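Geometric and topological summary
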Amino acid sequence: MHDFAVIGLGAIGSATAAELVQRGHSVVGFDRYTPPHTMGSAHSDTRMIRAAWYEGSPYMRFVRDAYRRWTNLERTSGKTLLRTAGALMLGPADGRNFARNPLHSVIGPDADYLLLSAEEVVERFPWLRPDPGTVTIYEPGAATLSLEACLEATLEAAEGADLRFNESAIGWSGSASGVRIRTERGEYAARRLAIAAGAWTPQLLPELSLPIEVERTVQYWFEPAGAHADMLEEGPAWVWELEREGTWYGFPPTARGLKAGMHFQAGRRTDVERVDREVGTAETEALRELFGRYAPGLAGPLAHASVCLYSNTPDEDFILDRHPDQPGVVLFAGGSGHAFKFAPGLGSLMADLLTDTTPSHELSHFSVERFG
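Here goes a summary of the coordinates provided. (Residues numbered from 1 in each chain as written. Predicted model: local features only at pLDDT ≥ 70, side-chain atom pairs only at ≥ 80, totals over all residues. Heavy atoms only, no water.)

This next bit is on the sheet that holds strand S8 (residues 143–146). As summarised here, the arrangement of the three strands in space is S3-S8-S4, forming an open sheet in which the pairing is antiparallel. Both edges of this open sheet fall to strand S3 (46–49) and strand S4 (82–84), since each of them pairs with a single strand only. Looking at each pair of strands side by side, their axes are set apart by 30 degrees on average, direction ignored. Of the pairings in the sheet, the one linking S4 to S8 comprises three bridges and is antiparallel in character. Residue Thr84 lies in a different strand from S8, and its bridge partner there is Ala143. Together, S3, S4 and S8 form the strand contacts of helix H2 (residues 60–77), whose direction differs from that of S4 by roughly 120 degrees. (Pairing = 2+ DSSP bridges. Helix = DSSP H or I, 4+ residues; strand = E, 2+ residues; numbered from the N terminus. Axes fitted to C-alpha atoms, helices over the stretch in contact; angles between N-to-C directions. Contact = heavy atoms within 4.5 Å.)

And the structure:
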């Protein structure tokens, strides 16, 4: 019998496995594919790590911890994981971003962020064209994470665990003596269980009726173009709330190209077993229209496009908690498009709950029971 089992070896599951191994425990882990893969959420080249979005929220304490943990993993793995590129958060003053985050009203001369007018954005970043009146927060210290390298480094940090790729967990049961996990190949026993299976998590926990909606998103990579193409690699990334279209994001170019896409766009709910993984021409052209209006000439030929799955909760906050009826089972669900950056810390918190260690952060905000 292993000490712990982990179902799902994406960002959070692999971090949980690595943390448990480093604490001296035996671990068996399962993933239906071989990570990093393109079937769930933990793929697509880059992610942002930034503090401005989280000021005044329960996540702020996670941000500093995440920077520290990724920096440590970068050092111990020898891989390049982080790159400081800066980030812009743009939108109307009365929009969703700033309604939930009044940061723009409290920035002082010693803050880590700058408040920019639309004219100042164009002056600093001449490839962008915000509408007059757009509120912009510039965070020079924000960074991009190299996603696949981060996941590979995390899995390497779990060396010693029995990680069983391409082996789907199809069910589990708990008792006073531990848990049993059924896969397509057999059964396994462990004292306790972590479930962090992304969009597949609700299938493994039907008794909880988790309020998770799976959202199909598309991420695009364009060849950088235009007069400012050579300047783009220095950054910044951007997250730009538009009044009608949703929230548009972009990243400094990598070897794959200039990455961009839409974050939280209505009408893209899907079923994890019936995801449309083909990217249509109309979808690509809709994104090109945004470039044409707000970053004219920047997006050259399409180099690549990939479907990614968000697992969203109604309040866009994670679920990180013990199973209400099985205290030996800990779950993470509902990453809601912003969990990856916190993965090492979330894995540590999962390990705290599994080992009956007092968590390093207060977790009541992430309780499964908040949904009734």
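Turning our attention to the side chain of Asp352. Looking at the secondary structure, you find Asp352 in helix H8 (residues 343–354). Judged by its relative accessible area of 5%, Asp352 is buried. Engagement of the side chain of Asp352 in a polar contact is seen with the backbone nitrogen of Ser360, the distance being 3.4 Å. Look past the residues within four positions of Asp352 in its chain and what remains in contact with it is Arg23, Thr357, Thr358, Pro359 and Ser360. (Buried < 20%, exposed > 50% of the residue type's maximum accessible area, 1.4 Å probe, protein only. Polar contact = N/O pair within 3.5 Å; in protein donor to acceptor, adjacent residues only side chain to side chain.)

It is worth spelling out H2 at this point. Owing to its 3.6 residues per turn, the α-helix brings residues three or four apart onto one side. In a regular helix each residue adds 1.5 Å, so 18 residues correspond to 26 Å; H2 covers 26 Å between its end C-alpha atoms and thus fits that length. Regarding H2, the residues found buried are Met60, Phe62, Val63, Asp65, Ala66, Tyr67, Arg69, Trp70 and Leu73. Looking one or two residues beyond H2, the residue adopting positive phi is Gly78, at roughly 75 degrees. (Expected span 1.5 Å × (residues − 1).)

All right, on to the pattern of salt bridges then. A side chain of one charge can pair with a side chain of the opposite charge when the charged atoms of the two come close. Overall, the coordinates contain 23 salt bridges when judged by the stated rule. For Arg69, the salt bridge goes to Asp65, with nearest N and O atoms at 2.9 Å. Taken together, the residues Arg69 and Asp65, both in helix H2 and four residues apart, mark about one turn of the helix. With respect to burial, Arg69 and Asp65 carry one shared label: buried. Close ionic contact of Arg288 with Glu285 constitutes a salt bridge, the shortest N to O distance being 3.8 Å. Within this pair, Arg288 and its partner Glu285 are both found in helix H7 (residues 281–294), separated by three residues, close to a single helical turn. (Salt bridge = Lys/Arg side-chain N within 4 Å of Asp/Glu carboxyl O.)

Attention now moves to the nonpolar core. Counting residues in hydrophobic clusters, the biggest one holds 60 residues, and the most contacted among them are Trp70, Leu320, Phe332, Phe342 and Leu346. Of all elements in the fold, only strand S1 (2–7), helix H1 (11–22), H2, strand S7 (135–139), S8, helix H5 (147–157), strand S20 (329–333) and H8 reach the threshold of two or more residues within this core. With sequence-adjacent residues up to four places away left out, Leu320 is seen in contact with Leu331, Phe332, Leu346, Leu349, Met350, Leu353, Leu363 and Phe366. If you look at the next biggest cluster of nonpolar residues, it comprises 56 residues, including Ala199, Tyr220, Trp238 and Trp248. (Core = buried A, V, L, I, M, F, W, Y, C linked by side-chain atoms within 4.5 Å.)

Turning next to the environment of Gly246. Topologically, Gly246 is positioned in strand S15 (residues 246–250). Residues Gly246 and Gln22 lie 224 residues apart in sequence; the distance between their C-alpha atoms is 41 Å. Those residues within four positions of Gly246 in sequence are excluded, and the remaining contacts are Trp240, Glu241 and Met262.

For the pair H2 and H8, the least separation of the axes is 7 Å and the interaxial angle reads 100 degrees. As far as their axial angle goes, H8 and H2 are roughly perpendicular. The residues of H8 that touch H2, namely those facing Phe62, Asp65, Arg69 and Trp70, are Ala343, Pro344, Gly345, Leu346, Ser348 and Leu349. By residue class, the composition of the contact of H2 with H8 is six nonpolar, two polar and two charged. (Parallel < 35°, antiparallel > 145°, perpendicular 65-115°, else oblique. Nonpolar A, V, L, I, M, F, W, Y, C, P; charged D, E, K, R; others polar.)

By themselves, these observations are geometric and do not establish any function.
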